Amino acid sequence: MVCSALRRVAHMHVYLVRKASSVSKGHHHHQALGSRPAASEFAARRAPGSVVELLGKSYPQDNYSNLSQKVLSRVGRNLHNQQHHPLWLIKERVKEHFYKQYVGRFGTPMFSVYDDLSPVVTTWQNFDSLLIPPDHPSRKKGDNYYLNGNHMLRAHTSAHQWDLLHAGLDAFLVVGDVYRRDQIDFQHYPVFHQLEGVRLFSKHEVCVRKIHGNDKHQDQNTDYLVGEEKLFAGIKDGESLQLFEQSSRSAYKQETHTMEATKLIEFDLKQTLIRLVTHIFGDELDIRWVDCYFPFTHPSYEMEINFHGEWLEVLGCGVMEQQLVNSAGAQDRIGWAFGLGLERLAMILYDIPDIRLFWSEDERFLKQFRVSDINQKVKFQPLSKYPAVINDISFWLPSENYTENDFYDLVRTVGGDLVEKVDLIDKFEHPKTHKTSHCYRITYRHMERTLSQREVGHIHQAVQEAAVQLLGVEGRF
């Protein structure tokens, strides 16, 4: 049974290569943002036993492997490190803020920055080190990109937390590309970029903070040091307060943390992030905090900002789970962590309407961000918006092993960045057979030229045939 399944996978790969090649030959104009699926697009979808080469290393593939060449082609692009790219501008603004605001006792930056760590991590780094349970839905193959059962493309920059803590670091930022299988629309892309921040405290640690006059509550020309403070400094009988205790977990604290320590860490975290977002967006900003859940922090929060009358979530954060901190060798410390999406901040700050634009090599887009000062205000001037071509696809689902993310990933692979969005517009269950039908509306739009229905028709046909062959659906087209 296993052998027949492996043969079926190999057959599907051969089929897709042939189909992609035929589409490629038929439309030589389909290039750039919506580059046509060539044979190499599906090269990574091989039968178990083959090997994928990535960043100079070889990874044997198995039944977990689910990477397309389309996604692999994005590895190593490192948009966050490309000078004057909008994501680079956001990263540099955050770095500058932390370097200036948080200075060690010898005048050196308190936070170290890591922006070139490999996106290939082990499943232990991505999940187990962060206390994510074995049955947690975030581990699903349908939501992640696996090289094999042991290695994957990181789903978050938090995958590096444990290693950096274990190396003895207590204040750092991690920036990098992360990979998730997700829906298709103007806000979602299988590759995006995160910035992670971590800060640990000991009871007697001394912090020196340099606060600049851009705080609206201070004189505009003031540069000064807020004196050396212990975690409990300024609190009556602060020396007698403790970080740890053995009690019960509640909605407000972990079982190993005192309430006093938790509240002080929470206050420091929120003040740090408020200063950061006001540095980026300006002082006149409405902010609110929403309680949420993450496996690796408790209590946990999301920050939302009111932008043009709409509340938008911009980051997640919380008090680090002490079990994680302890396992990394920092048992005497307590800390906070936060993570934010660079694309989300850039789309808000620069008014960029479509996440696909970050991957554009169109000079009309890139030149708008070549500024002499990273803090210079930039308002994106939209490129001409070419008309959309819309096609629907309907099919009966197989009895098992179908997920919507499998279909979205297939559409991304075949249609590339020509696909603007995919909407599930109808579900139907047959009253007699109890089979379920899905109908999806696929919007195709090139960002640099007009598409013809004939051109899109060939791509859409390739999507239909690939869905039948690869996902086992029964077409209604």
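A brief look at the structure comes next. Note that the structure is predicted; figures quoted are calculated from it, not measured.

Within the protein, the secondary structure is distributed over 11 helices and 17 strands. Here the protein holds 477 residues, and 52% of them are scored as buried. Across the protein, contacts joining residues at least 24 apart in sequence account for 65% of those joining residues at least 6 apart. In the structure as shown, the protein presents an accessible area of about 22,100 Å², 50% of it carried by carbon and sulfur atoms.

Moving on to the packing of aromatic side chains. The final tally for this structure, using the stated rule, is 21 aromatic pairs. Relative to Phe-369, the ring of Tyr-350 lies with its centre 5.4 Å away and its plane at 65 degrees, an arrangement referred to as edge-to-face. Of this pair, Tyr-350 sits in helix α8 (residues 342-350) while Phe-369 sits in the loop between α9 (363-366) and β14 (389-396), and the two are 19 residues apart along the sequence. Tyr-350 sits in the buried class, given a relative accessible area of 1%. Ring-pair connections join several aromatic residues into one group, and the members of that group are Phe-98, Tyr-102, Phe-111, Trp-336 and Phe-338. Of note, Arg-199 hangs over the ring of Phe-201, and the distance from its end group to the ring centre comes to 4.5 Å. Between the NZ or CZ atom of Lys-270 and the centre of the ring of Tyr-301, over which it lies, the distance is 4.1 Å.

Following the sequence through the fold, Pro-387 ends up in the loop between α9 and β14. For Pro-387, a relative accessible area of 46% corresponds to the partly exposed category. Expressed as a C-alpha distance, the spacing of Pro-387 and Leu-451, which sit 64 residues apart in the sequence, is 7.6 Å. Not counting chain neighbours up to four residues away, the residues in contact with Pro-387 comprise Tyr-444, Arg-445 and Thr-450.

Further remarks concern the pairing of strand β12 (residues 310-320). Counting buried residues along β12, eight of its 11 residues qualify, which places the element largely inside the surrounding structure. With five bridges joining them, β12 and strand β13 (residues 334-341) adopt antiparallel strand pairing. Across the sheet, Leu-315 pairs through a bridge with Leu-340, a residue of β13.

It is worth spelling out the sheet that holds strand β10 (residues 287-294) at this point. The seven strands are arranged β3-β6-β7-β13-β12-β11-β10 in an open sheet whose pairing can be described as mixed. Each having just a single partner strand, β3 (112-114) and β10 make up the two edges of the open sheet. Averaged over neighbouring strand pairs, the angle between their axes works out to 25 degrees when direction is ignored. When β3 meets strand β6 (residues 171-179), the two strands line up parallel, connected through three bridges. Bridge pairing links Val-113 to Leu-173 in β6. Taken strand by strand, helix α3 (residues 86-101) contacts β3, β6, β7 (191-201) and β13, and its axis lies near 165 degrees from that of β6. Against the sheet, helix α6 (residues 259-281) touches β7, β10, β11 (297-307), β12 and β13, its axis set at about 30 degrees to β13.

Another aspect to go through is the environment of Ser-158. One can find Ser-158 in the loop between β5 (151-153) and α5 (161-166). Non-local contacts of Ser-158, meaning those with residues more than four positions away in its chain, are made with Leu-130, Glu-196 and Phe-296.

In this section: the state of the cysteines. As enumerated under the stated definition, the model contains zero disulfides in all. In this structure Cys-292 is not part of a disulfide, and its nearest cysteine sulfur, from Cys-317, lies 7.2 Å away. On the basis of relative accessibility, which here comes to 2%, the residue Cys-317 falls in the buried class.

Applying the stated criterion across every chain yields a total of 29 salt bridges. Across the pair Glu-321 and Arg-249 runs a salt bridge, and its minimum N-O distance is 2.8 Å. A residue pair is termed long-range when its members are at least 10 positions apart, and Glu-321 in the loop between β12 and α7 (322-327) and Arg-249 in the loop between β9 (223-229) and α6 qualify at 72 residues. Judged by relative accessible area, Arg-249 falls into the partly exposed class, the value being 39%. For Glu-266, the salt bridge goes to Lys-263, with nearest N and O atoms at 3.7 Å.

For α3, with 16 residues, the first-to-last C-alpha span of 23 Å sits near the 22 Å given by 1.5 Å per residue. Counting buried residues in α3 gives 13 out of 16 residues, a clear majority hidden from the surface.

With that settled, the discussion passes to the nonpolar core. If you look at the biggest cluster of nonpolar residues, it comprises 70 residues, and the most contacted ones within it are Leu-153, Phe-338, Ile-352 and Phe-358. Of all the elements, α6 adds the most residues to this core, at eight residues. Core analysis: the second largest hydrophobic core is formed by 26 residues, Leu-418, Val-456, Ala-462 and Val-463 among them.

Position of Thr-278 relative to the elements: it lies in helix α6. A distance of 2.8 Å separates the side chain of Thr-278 from the backbone oxygen of Ile-274, its partner in a polar contact.

The subject of this paragraph is the pairing of β14. With six of its eight residues buried, β14 lies for the most part within the structure. Judged from the eight bridges that link them, β14 and strand β16 (residues 436-444) form a sheet pairing that is antiparallel. Each bridged residue has a counterpart across the sheet, and for Ile-393 the counterpart in β16 is Tyr-440. As paired strands, β14 and strand β17 (residues 474-475) are joined by two bridges and run antiparallel to one another. Note on β17: the bridge partner recorded for Phe-395 is Gly-475.

Cut-offs and rules
- Residues numbered from 1 in each chain as written.
- Predicted model: local features only at pLDDT ≥ 70, side-chain atom pairs only at ≥ 80, totals over all residues.
- Heavy atoms only, no water.
- Helix = DSSP H or I, 4+ residues; strand = E, 2+ residues; numbered from the N terminus.
- Buried < 20%, exposed > 50% of the residue type's maximum accessible area, 1.4 Å probe, protein only.
- Contact = heavy atoms within 4.5 Å.
- Areas by Shrake-Rupley, 256 points an atom, 1.4 Å probe, with all protein chains shown as cover.
- Phe/Tyr/Trp six-rings, centres within 6.5 Å; stacked < 30°, edge-to-face > 60°.
- Lys NZ or Arg CZ within 6 Å of the ring centre and 35° of its normal.
- Pairing = 2+ DSSP bridges.
- Axes fitted to C-alpha atoms, helices over the stretch in contact; angles between N-to-C directions.
- Disulfide = S-S within 2.5 Å.
- Salt bridge = Lys/Arg side-chain N within 4 Å of Asp/Glu carboxyl O.
- Expected span 1.5 Å × (residues − 1).
- Core = buried A, V, L, I, M, F, W, Y, C linked by side-chain atoms within 4.5 Å.
- Polar contact = N/O pair within 3.5 Å; in protein donor to acceptor, adjacent residues only side chain to side chain.

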